[in-house]
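Listed here are the chains, written in short residue letters.
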Amino acid sequence: MVFAKEDVNYSLYLVTDSTMLPPGTTLYSQVEAGLKNGVTLVQIREKDTETGSFIEEALDVQKICKKYNVPLIINDRIDVAMAIDADGVHVGQQDMPIPMVRKLLGPSKIIGWSVGKPSEVETLAKWGPDMVDYIGVGTLFPTLTKKNPKKSPMGPQGAIAVLDALEEYKASWCRTVGIGGLHPDNIQRVISQCVATNGKRSLDGISLVSDIMAAPDACAATVRLREMIDRTKYQFVDCELNESFPTAVSIKSVISQVSSNRPLVQHVTNKVHQNFGANVTLALGSSPIMSEIQSEVSELARIPNASLLLNTGSVAPIEMLKAAINAYNEVNRPITFDPVGYSATETRLCLNNNLLTYGQFACIKGNSSEILFLAKLNNDKMKGVDAGSGKNDDALLARATQIVAFKYKTIAVCTGEHDFIADGTFGGECKLSSGTAGVTAEGLPCVMIENGSIPIMGDITASGCSLGSTIASFVGGLDPTGNLFDAVVGAVLLYKTAGKLASTRCQGSGSFHVQLIDALYQLFHENKPEKWSASLKKFN
Ligand SMILES: Cc1ncc(COP(=O)(O)OP(=O)(O)O)c(N)n1
Ligand SMILES: Cc1ncsc1CCOP(=O)(O)O
Ligand SMILES: [Mg+2]
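For clarity, every value in this text was computed on a predicted model and none was experimentally measured.

Draft legend 1. Spotlight on the overall build of the chain. The helix and strand inventory of the chain stands at 19 helices and 17 strands. Taking 2.2 N^0.38 as the reference for a compact globule, 540 residues should give roughly 24 Å; the C-alpha atoms of the chain span a radius of gyration of 25 Å, in line with that estimate. The C-alpha extent of the chain, read off along each of the three principal axes, is 85 × 45 × 40 Å. Taken over 540 residues, the chain has a buried fraction of 58%. When contacts within the chain are restricted to residue pairs at least 6 apart in sequence, those whose partners lie at least 24 apart make up 73%. For the chain, the accessible area works out to roughly 21100 Å², and carbon and sulfur atoms hold 54% of it.

Draft legend 2. Local environment of the state of the cysteines. Applying the stated rule across the entire model yields zero disulfides. Here Cys-350 is not cross-linked by a disulfide; its sulfur's nearest cysteine counterpart is in Cys-194, at 20 Å. Its sulfur unpaired, Cys-363 is 12 Å from the next cysteine sulfur, which belongs to Cys-414.

Draft legend 3. Fine view of the site of ligand 1. Around ligand 1 sit 16 residues in total, of which Arg-45, Lys-47, Asp-95, Ser-114 and Lys-146 are the nearest. Between ligand 1 and Gln-43, the relevant distance is 3.0 Å, taken from a nitrogen atom to a side-chain nitrogen or oxygen of the residue. Within the side chain of Ser-114, a nitrogen or oxygen atom sits 2.8 Å from an oxygen atom of ligand 1. Relative to its unbound accessible area of 420 Å², ligand 1 is 90% covered by the protein chains. Those elements that provide at least two residues to the shell around ligand 1 are strand S4 (88-91) and strand S7 (175-179). Among the residues making up the shell around ligand 1, the classes are represented as four nonpolar, seven polar and five charged.

Draft legend 4. Here's a closer look at the packing of helix H1 (residues 27-36) against helix H2 (residues 51-67). Here H1 crosses H2 at 20°, and the two axes come no closer than 10 Å. Judged by the angle between their axes, H1 and H2 are roughly parallel. At the point where H1 passes H2, the crossing takes the right-handed sense. Of the residues in H2, those in contact with Leu-27, Tyr-28, Val-31, Glu-32 and Leu-35 of H1 are Glu-57, Asp-60, Val-61, Ile-64, Cys-65 and Lys-67.

Draft legend 5. Representation of the coordination of the magnesium ion (ligand 3) in the model. Distances from the magnesium ion (ligand 3) to its protein donors, Asp-76 (OD) and Asp-95 (OD), fall within 2.0 to 2.2 Å. In this pair, Asp-76 is assigned in the loop between strand S3 (72-75) and helix H3 (78-84) and Asp-95 in the loop between S4 and helix H4 (98-105), connecting sequence segments 19 residues apart. By relative accessible area, Asp-76 is classed as partly exposed at 21%.

Draft legend 6. Here's a closer look at the packing of helix H11 (residues 271-283) against helix H17 (residues 463-476). Across the interface, H11 lies against H17 with an axial gap of 9 Å and an inter-helix angle of 40°. Crossing angle aside, the handedness with which H11 passes H17 is right-handed. Along the contact surface, H11 presents His-273, Phe-276, Gly-277, Val-280 and Thr-281, while H17 presents Cys-465, Ser-466, Ser-469, Thr-470 and Ser-473. Within the contact of H11 with H17, the residues separate by chemical class into three nonpolar, seven polar and no charged.

Draft legend 7. Structural detail: the side chain of Asp-87. Note that Asp-87 resides in the loop between H3 and S4. Salt bridges are absent for the buried Asp-87, whose nearest opposite-charge side chain, Lys-109, sits at 5.0 Å. Here Leu-72 takes part through its backbone nitrogen, which lies 2.8 Å from a polar atom of the side chain of Asp-87.

Draft legend 8. Geometry of helix H5 (residues 118-127). Of all the residues in H5, the buried ones are Glu-120, Val-121, Leu-124 and Ala-125. What you see down the axis of H5 is that its buried residues fit within an arc of 145°, all on one side. Phi turns positive, to about 90°, at Gly-128, one or two residues after H5.

Draft legend 9. Here's a closer look at the pattern of salt bridges. If you walk through the whole model with that rule in mind, you get twelve salt bridges. With a closest N to O distance of 2.7 Å, Glu-32 and Lys-67 form a salt bridge. Placement of Glu-32 in helix H1 and of Lys-67 in helix H2 is noted, with a sequence separation of 35 residues between them. Assessed through its relative accessible area of 59%, Lys-67 is described here as exposed. The salt bridge partner of Asp-204 is Arg-175, with a shortest N-O separation of 3.1 Å. On the criterion of sequence distance, the pair formed by Asp-204 in the loop between helix H7 (187-193) and strand S8 (205-208) and Arg-175 in strand S7 is long-range, its members being 29 residues apart. For the pair shown, Asp-204 and Arg-175 are each scored as buried.

Draft legend 10. Summary view of the sheet that holds S3. Reading around the circumference, S1-S2-S3-S4-S5-S6-S7-S8 is the order of the eight strands in this closed barrel, with parallel pairing throughout. Pairwise comparison of adjacent strand axes, ignoring direction, gives a mean angle of 25° for this sheet. Bridge count between strand S5 (residues 110-115) and strand S6 (residues 134-138): four bridges; the pairing is parallel. Pairing of Gly-112 across the sheet is with Tyr-134, part of S6. Against the sheet, helix H6 (residues 155-168) contacts S5, S6 and S7, and its axis sits at roughly 150° relative to S6.

Draft legend 11. Geometry of the site of ligand 2. Close to ligand 2 lie Arg-45, Thr-139, Thr-143, Thr-145, Lys-146, Ile-179, Gly-180, Gly-181, Leu-208, Val-209 and Ser-210, which account for all nearby residues. Within the contact set of ligand 2, an oxygen atom lies 2.7 Å away from a backbone nitrogen or oxygen of Gly-181. Contact between ligand 2 and Val-209: an oxygen atom at 2.8 Å from a main-chain N or O atom of the residue. Within the complex, the protein chains bury 92% of what would otherwise be the 380 Å² of accessible surface of ligand 2. Classifying every residue of the shell around ligand 2 by side-chain character gives three nonpolar, six polar and two charged.

Basis of the calculations
Residues numbered from 1 in each chain as written. Chains lettered and ligands numbered in written order. Predicted model: local features only at pLDDT ≥ 70, side-chain atom pairs only at ≥ 80, totals over all residues. Heavy atoms only, no water. Helix = DSSP H or I, 4+ residues; strand = E, 2+ residues; numbered from the N terminus. Rg over C-alpha atoms; globule rule 2.2 N^0.38 Å. Buried < 20%, exposed > 50% of the residue type's maximum accessible area, 1.4 Å probe, protein only. Contact = heavy atoms within 4.5 Å. Areas by Shrake-Rupley, 256 points an atom, 1.4 Å probe, with all protein chains shown as cover. Disulfide = S-S within 2.5 Å. Near = heavy atom within 4 Å. Polar contact = N/O pair within 3.5 Å; in protein donor to acceptor, adjacent residues only side chain to side chain. Nonpolar A, V, L, I, M, F, W, Y, C, P; charged D, E, K, R; others polar. Axes fitted to C-alpha atoms, helices over the stretch in contact; angles between N-to-C directions. Parallel < 35°, antiparallel > 145°, perpendicular 65-115°, else oblique. Left-handed = near helix turned anticlockwise from the far one by under 90°. Donors = N, O, S within 2.8 Å, 3.2 Å for Na, K, Ca; no water. Lys, Arg positive; Asp, Glu negative; His and termini not counted. Salt bridge = Lys/Arg side-chain N within 4 Å of Asp/Glu carboxyl O. Arc of directions from axis to C-beta. Pairing = 2+ DSSP bridges.

Rendered as structure tokens:
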């Protein structure tokens, strides 16, 4: 049977490994369980099997694949692929050169190649469309399955660089699958974040080994993966731009939702912020919990309307931070990420980059230096944890905010004299495909918040961190159909209006703290956004 290459469905690509079979299962039972429940492509990869046995296993797996009309790919072994007339092979950078593989297999067979960096894309593009049909992009995350990996995990940002290279070198024919450490807790993020910067292509599939091969119940594991892949919203691929901008009416609705849903806001934050953050959260009708206990994050994330504020000024161990991200991502509850002092030290840079790759965030909030650095528009090392002293013009800050929103598929907030908020999270049900939306960062909805400066805000501790508490309360309190952009813009408008009000009422920085909590409480419970001093304007 010859599969037309354009008909190959890469969406759930199972790669076998008999060394991890649970008791009571076989290579064949795991493959069949996968095929029955949504696996769309199979690769037999048995690195420790002698040629004779490998051929027997491949023939038996081939029979099962034929029953489900699914192509079979052979790992590494071109001779075995030819011997059994398999549908194709997958080779890596250290295996037989692609032109030689193509010469032996002929034009109709599927050839997959492992690609880990843009220069390898340039090579395949030079070969042209008759050589490589798809690439395995990885290793995305750490995995024990592939022994002695040549490169360290690339994360979604590494995959984006490869997708960008496919666009740059115009290799439009080439399909892509992500591979390496893929499991239910990171698949949605991989799919939604791994989109080329020009919005014109996403990953075409997810390839994995252990999540199915090592599963005691491979049927259930596959059903879960299939469901997750089919329902994950993909950004910028065949989706429409959200044209709606927040209004006083939509913000009023957000506050009503927060007030009735009373979100639980888990703070993982620095010691200085904890007390004030808790009081700000209470003023907004929400319930704060300051917990860094790794063993309880899953329980907390499952509490109705749970919301996580991750402020990396905290000293919580990275394992706890990652467990918290996992727990909230797993149940689709919002995480507000505040990468305090993003690049002030190597330690913070490494920690924040690690977390940004590891998690999907509803909102990423930072000062102008942090956002400019995240957008790679200002690579100077930040001085301390405060915004750089340089005056950045509004257009640059707005663009940086849009870039961060696009890059991480999030609501990005850039705080400063003016605040900028951009929406990179729009919905739209899209399938795994090379999209045609062509949406780019500068097309994203972006607003500028004007409220005049509030110098005394800088004279108290945790005023910036507590905007994070406000955002986390608002996004946590949304109804399921609520709009994240409305919630974040509403939180910033409320917080800035309260700051201005408190500055007119206080006697100094000490009473400003108290007045700020009073003002937040009063404005929240009044719920009259149309009267707030802070205002927004579209910045596109
Ligand atoms: C779909 C897919 N992607 C990548 C690989 C890795 O292939 P390779 O680099 O040749 O490493 P080994 O699998 O041979 O260890 C793959 N097999 N499948
Ligand atoms: C074959 C291969 N190539 C890169 S990672 C990998 C193994 C992926 O296995 P798992 O899905 O269990 O992480
Ligand atoms: Mg190989």
